[in-house]
Amino acid sequence: MKEIHPIILCGGSGSRLWPVSRAQSPKQFQPIAGAGSLSFFQSTIQRHRIAGFAKPTVVTGVAHAQTVMRQLDELQCDADVICEPMGRNTGPAVLAAAIHIAKKDPEGLLLVLPSDHVITGELNQQIMQMRESAEAGRIVIFGITPAYPETGYGYIVDGGPIPAFSNLHEVERFVEKPPLREAAELLERGTAYWASGISMFTASEIIKEMRTYDETTYNTVFSSIDQGEISNDMLCLHPDSFRRATNEPTERIIFERSKKVALAPLDVAWDDVGCWTSMHAIGNGDQQGNVLQGDVLAVETENALVRADKRLVAVVGVSDVIVVDTPDAILVTQRGKCQSVKKVVEVLKEEQRPEAVVPLSKDFLWGKSTRVMRSGNFDMTVIKINPGASIKIDAMPGRQLIAVGGDIQVFDGLRRQEIPMGERFVLPAQGRTSLTNTKTDFVEALLVTLNSSVENQVHMEAAQ
């Protein structure tokens with residue numbers, strides 16, 4: 001029996017989970033239950049690390065490639081990683097994964113999975129029951145029995161059973177994010193399912209359907225793979241080819257048009273965790289219904305979600321509240337109002353504030369960067385480099401480096417030198433400077449950039 005290939009899609013920014021989720025550090029890479037827990041992405045990986053499943057294929061963007069690799073390393077999980085030069089929605093992403101797998105196994109079974117949902121129950125067992133349908137050429141999409149009339153989800157309307165396959169149904173139609181009245185009617189009829197974002201099919205079938213319904217995307221994605229490069233164990237798609245692909249989801253390009261699409265209802269507990277109210281719902285609450293993460297003191301408080309970072313957060317007499325504390329921003333809102341959090345992010349973006357995009361601290365394969373201060377005239381960032389790791393830093397006028405925790409080896413393109421702790425080094429105004437930790441312990445440096453801006457943030461990548 002052939003193994004099923006999990007395809008993990010790592011797109012999206014999760015703006016409704018701000019300030020934890022940001023454009024450069026989105027929801028799927030955040031811990032589900034606070035510090036020390038698995039991220040949404042890692043939980044998705046682990047869910048399908050059992051017999052019957054091949055190693056995963058992860059499709060992510062260039063901005064998140066190092067985060068993907070670091071979180072895979074934490075799980076000691078071998079995976080194929082496909083890196084998109086820019087986002088083009090799920091249609092091109094799924095096609096790229098299908099072409100990649102088809103080169104080794106044209107009839108390989110693909111299981112497409114969002115990376116940011118929480119699922120409990122016998123999901124894998126139900127997926128295995130749909131193998132025969134997918135191998136016979138059906139495009140199987142999985143639906144969730146709706147629990148309430150949600151207006152933020154897509155719905156799949158049941159078109160009746162398919163006699164040849166057990167528990168498989170025709171699709172009558174798709175309904176995308178209906179108004180409340182229509183959502184309530186769909187729920188009352190009992191013939192509609194929430195679209196889970198999970199689907200299964202053979203590589204050859206989805207490639208063939210893409211060629212039928214969007215030949216331009218078919219050609220451009222093939223070209224982006226053929227001209228792509230392997231870098232740091234990732235397949236990096238060719239930018240000029242990939243940007244010409246249609247910026248649409250697989251649902252719109254194929255599922256809503258193909259006659260091979262079929263519905264398989266799932267009997268699992270599912271939540272796309274699209275906002276902080278959902279985070280409260282999936283958390284382990286105390287007797288008062290409070291979900292408390294970190295150093296939190298709750299007095300005369302009920303049904304609250306309070307998430308502390310590195311300091312004590314105390315709440316008194318504020319039931320049905322959500323408080324999310326991060327080093328550079330605090331969110332306070334009511335339960336049920338969290339869909340409006342994205343409006344805060346929109347304002348921050350309009351004002352070009354870094355809190356919309358960049359977290360204060362960000363982990364990399366090579367170490368960690370933490371912004372400690374920023375004004376209109378300068379940016380100060382602490383860089384912590386792992387033993388034996390190297391990074392490259394872009395040139396900017398007025399950029400200086402101070403070794404504050406150990407000696408650092410610097411190469412500016414002309415000469416290599418050691419910067420002792422406490423010494424200052426002015427980076428060249430052109431080219432890139434390499435920093436290397438040749439020691440057996442972490443080293444730290446303070447990077448000062450003058451005249452910084454939101455668009456001109458510190459850019460660092462692992463050295464080749």
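Above this text sits the structure in question.
Along each chain, residue indices are assigned from 1 in the same order as the chain's sequence is written. Local features in a predicted model are, by the rule used here, given only for residues with pLDDT of at least 70; side-chain atom pairs are given and counted only at 80 or more, and totals for whole chains, interfaces and linings are based on all residues. With hydrogens and water excluded, all non-hydrogen atoms of the structure serve as input to the side-chain values.

### Examining the packing of aromatic side chains
How two aromatic rings sit relative to each other is given by the distance of their centres and the angle of their planes.
Here is step 1: Within 6.5 Å between ring centres, the rings of Phe, Tyr and Trp (the latter by its six-membered ring) count as paired, and their orientation is classed by plane angle as stacked under 30 degrees, edge-to-face over 60, tilted in between. Under the defined criterion, the tally for this structure stands at seven aromatic pairs.
Here is step 2: Grouping aromatic residues by their ring pairs yields a cluster made of Tyr148, Tyr153, Trp194 and Trp270.
Here is step 3: A cation over a ring is seen here: Arg416 above Phe411, with NZ or CZ 4.4 Å from the ring centre. For a Lys NZ or an Arg CZ to count as sitting over a ring, it must be within 6 Å of the ring centre and within 35 degrees of the ring normal.

### Quick look at the pattern of salt bridges
Here is step 1: The rule for a salt bridge is simple: a side-chain nitrogen of Lys or Arg has to be within 4 Å of a carboxyl oxygen of Asp or Glu. Following the criterion strictly, the structure yields 23 salt bridges and no others.
Here is step 2: Linking Arg432 and Asp394 is a salt bridge whose minimum nitrogen-to-oxygen distance equals 2.7 Å. One end of the pair, Arg432, is in strand 28 (residues 432-436); the other, Asp394, is in strand 23 (residues 390-394), and 38 residues separate them in sequence.
Here is step 3: In this scheme, a residue with accessible area under 20% of its type's maximum is buried, one over 50% is exposed, and one in between is partly exposed, where area comes from a 1.4 Å probe on protein chains only. Exposure remark for Arg432: the relative accessible area of 35% places this residue in the partly exposed category.
Here is step 4: By sharing partners, the salt bridges in this structure join Arg22, Asp328 and Arg371 into a single network. Strands here are runs of E lasting at least two residues and helices are runs of H or I lasting at least four, both read from the DSSP assignment and numbered beginning at the N terminus.

### Observations concerning the sheet that holds strand 24 (residues 399-405)
Here is step 1: Strand pairing follows a simple DSSP-based rule, namely that at least 2 bridges must link the two strands. Strand order across the open sheet formed by six strands is 20-21-22-29-24-27, with antiparallel pairing between neighbours. At either margin of the open sheet sits one strand with a lone partner, and together these are strand 20 (361-363) and strand 27 (424-426). Looking at each pair of strands side by side, their axes are set apart by 20 degrees on average, direction ignored.
Here is step 2: Strand direction decides the pairing type here: strand 20 and strand 21 (residues 367-374), joined by three bridges, are antiparallel. Pairing of Lys362 across the sheet is with Ser369, part of strand 21. Axis definition: a line fitted to C-alpha atoms, limited for helices to the stretch in contact. Angles are taken between N-to-C directions and run from 0 to 180 degrees.

### Considerations on the packing of helix 1 (residues 40-47) against helix 2 (residues 65-75)
The relative placement of two packed helices is expressed as an angle between their axes plus a distance between the axes.
Here is step 1: For the pair helix 1 and helix 2, interaxial distance at closest approach is 10 Å and the crossing angle is 50 degrees. Comparing the axis directions of helix 1 and helix 2 gives the class oblique. The two elements helix 1 and helix 2 cross, and the hand of that crossing is right-handed. From helix 1, Phe41, Gln42, Ile45 and Gln46 reach across to helix 2, where they touch Val68, Gln71, Leu72, Glu74 and Leu75.
Here is step 2: Lys, Arg, Asp and Glu make up the charged group, whereas Ala, Val, Leu, Ile, Met, Phe, Trp, Tyr, Cys and Pro make up the nonpolar group; the residues left over, Gly among them, are polar. The class makeup of the residues in the contact of helix 1 with helix 2 is five nonpolar, three polar and one charged. Here is the rule for angles: anything less than 35 degrees is roughly parallel, anything more than 145 is roughly antiparallel, 65 through 115 is roughly perpendicular, and the remaining ranges are oblique. Take the far helix as the reference: if the near one is turned anticlockwise from it by less than a right angle, the crossing is left-handed, and if turned clockwise, right-handed. The contact definition used throughout considers only heavy atoms, calling two residues in contact when any of these lie within 4.5 Å.

### Quick word on the pairing of strand 1 (residues 4-10)
Here is step 1: Of all seven residues in strand 1, seven are buried, a share of seventy percent or more.
Here is step 2: Residue alternation in strand 1 divides its side chains into two sets, Ile4, Pro6, Ile8 and Cys10 and His5, Ile7 and Leu9, and both sets are buried.
Here is step 3: With six bridges joining them, strand 1 and strand 4 (residues 109-114) adopt parallel strand pairing. Opposite Ile8, over in strand 4, you have Leu113 as the bridge partner.
Here is step 4: Looking at chain direction, strand 1 and strand 2 (residues 57-61) are connected through four bridges and run parallel. In the sheet register, Ile8 faces strand 2, and the bridge partner there is Val58.
Here is step 5: Taken together, strand 1, helix 1 and strand 2 constitute a β-α-β crossover, and its handedness is right-handed. When the strands point away from the viewer and the path from the first strand over the helix to the second turns clockwise, the crossover is right-handed.

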